[in-house]
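# Residue-level structure breakdown
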Amino acid sequence: MSQEIQYLCDVMYPDVEQIVLVMDNLNTHVRGSLYKRFVPEEARRLARKLDIHYTPKHGSWLNIAEIELNVLTRQCLNRRIESIEKMKREIQAWENKRNKNPTPIHWLFTKEKARAKLVSLYPDLPE
């Protein structure tokens, strides 16, 4: 993560004061990882530029993307493919088939469970 953060701050958005960054809750996605990679001054400079928001651990769009990439790997890419062109065709064919017959994700983490577990994130609305 550290190299990507430095690239984001110094190459992609060098002139902005703050970068709003949405990340999943992977254990390496913390500001502390910057201090493992860079000297303290550089880590502090990068960390101060970030406004990090974490997606929920259960049911985030990143979980859905990870699931879908895993399915793609198992169903399409789990073998040697001799060229980039053939891989693009194979992925396109897989994607077309997948889109024609979508498989919904059935979350076990319901809205009610989320509100109970994440009570501090929900506003107290008047009745």
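In this report, we go over the structure that sits alongside the text. What you see is a predicted model; the values in this text were computed from it and never measured.

### Digging into the overall build of the protein chain
Helix and strand content of the protein chain: six helices and two strands. Seen in sequence order, the protein chain has helices and strands lined up from the N terminus as α-β-α-α-β-α-α-α. In the protein chain, which comprises 127 residues, the share counted as buried stands at 23%. When contacts within the protein chain are restricted to residue pairs at least 6 apart in sequence, those whose partners lie at least 24 apart make up 65%.

### Some remarks on a nonpolar patch on the surface
Side chains of Y7, V11, M12, Y13 and V16 sit close together on the surface and give an oily, nonpolar patch of about 470 Å² of accessible area. Residue V16 is classed as partly exposed on the basis of its relative accessible area, which comes to 34%.

### As for the packing of helix α1 (residues 2-12) against helix α3 (residues 40-48)
At a closest axis distance of 10 Å, the pairing of α1 and α3 adopts a crossing angle of 65°. The angle between the axes of α1 and α3 places the two elements in the roughly perpendicular class. Considering only the axes of α1 and α3, their crossing is left-handed. On α3, the residues that touch I5, Q6, C9 and D10 of α1 are E42, R45 and L46. Tallied by class, residues from the contact of α1 with α3 come to three nonpolar, one polar and three charged.

### Re the nonpolar core
The biggest cluster of nonpolar side chains holds 13 residues, and the ones touching the most others in it are I5, C9, L21, L34, L46 and L50. Elements with a contribution of two residues or more to this core: α1, β1 (19-23), α3 and β2 (50-54).

### Topic: the pattern of salt bridges
Between side chains of opposite charge, a pair can form when the charged atoms approach closely. With the rule as written, the count across this model stands at five salt bridges. Note that E68 is salt-bridged to R98, the shortest N-O span being 2.6 Å. With a gap of 30 residues between them, E68 in helix α4 (residues 61-75) and R98 in helix α5 (residues 84-100) connect regions that are remote in the sequence. The closest approach of N and O atoms between E82 and K86, which form a salt bridge, is 3.2 Å. With a relative accessible area of 25%, K86 lands in the partly exposed category. Beyond isolated ion pairs, a larger network of salt bridges with shared partners links D10, E42 and R45.

What counts, and where the lines are drawn
Residues numbered from 1 in each chain as written. Predicted model: local features only at pLDDT ≥ 70, side-chain atom pairs only at ≥ 80, totals over all residues. Heavy atoms only, no water. Helix = DSSP H or I, 4+ residues; strand = E, 2+ residues; numbered from the N terminus. Buried < 20%, exposed > 50% of the residue type's maximum accessible area, 1.4 Å probe, protein only. Contact = heavy atoms within 4.5 Å. Patch = residues over 30% accessible without salt bridge, like charges linked within 9 Å, V, L, I, M, F, W, Y side chains within 5 Å. Areas by Shrake-Rupley, 256 points an atom, 1.4 Å probe, with all protein chains shown as cover. Salt bridge = Lys/Arg side-chain N within 4 Å of Asp/Glu carboxyl O. Axes fitted to C-alpha atoms, helices over the stretch in contact; angles between N-to-C directions. Parallel < 35°, antiparallel > 145°, perpendicular 65-115°, else oblique. Left-handed = near helix turned anticlockwise from the far one by under 90°. Nonpolar A, V, L, I, M, F, W, Y, C, P; charged D, E, K, R; others polar. Core = buried A, V, L, I, M, F, W, Y, C linked by side-chain atoms within 4.5 Å.

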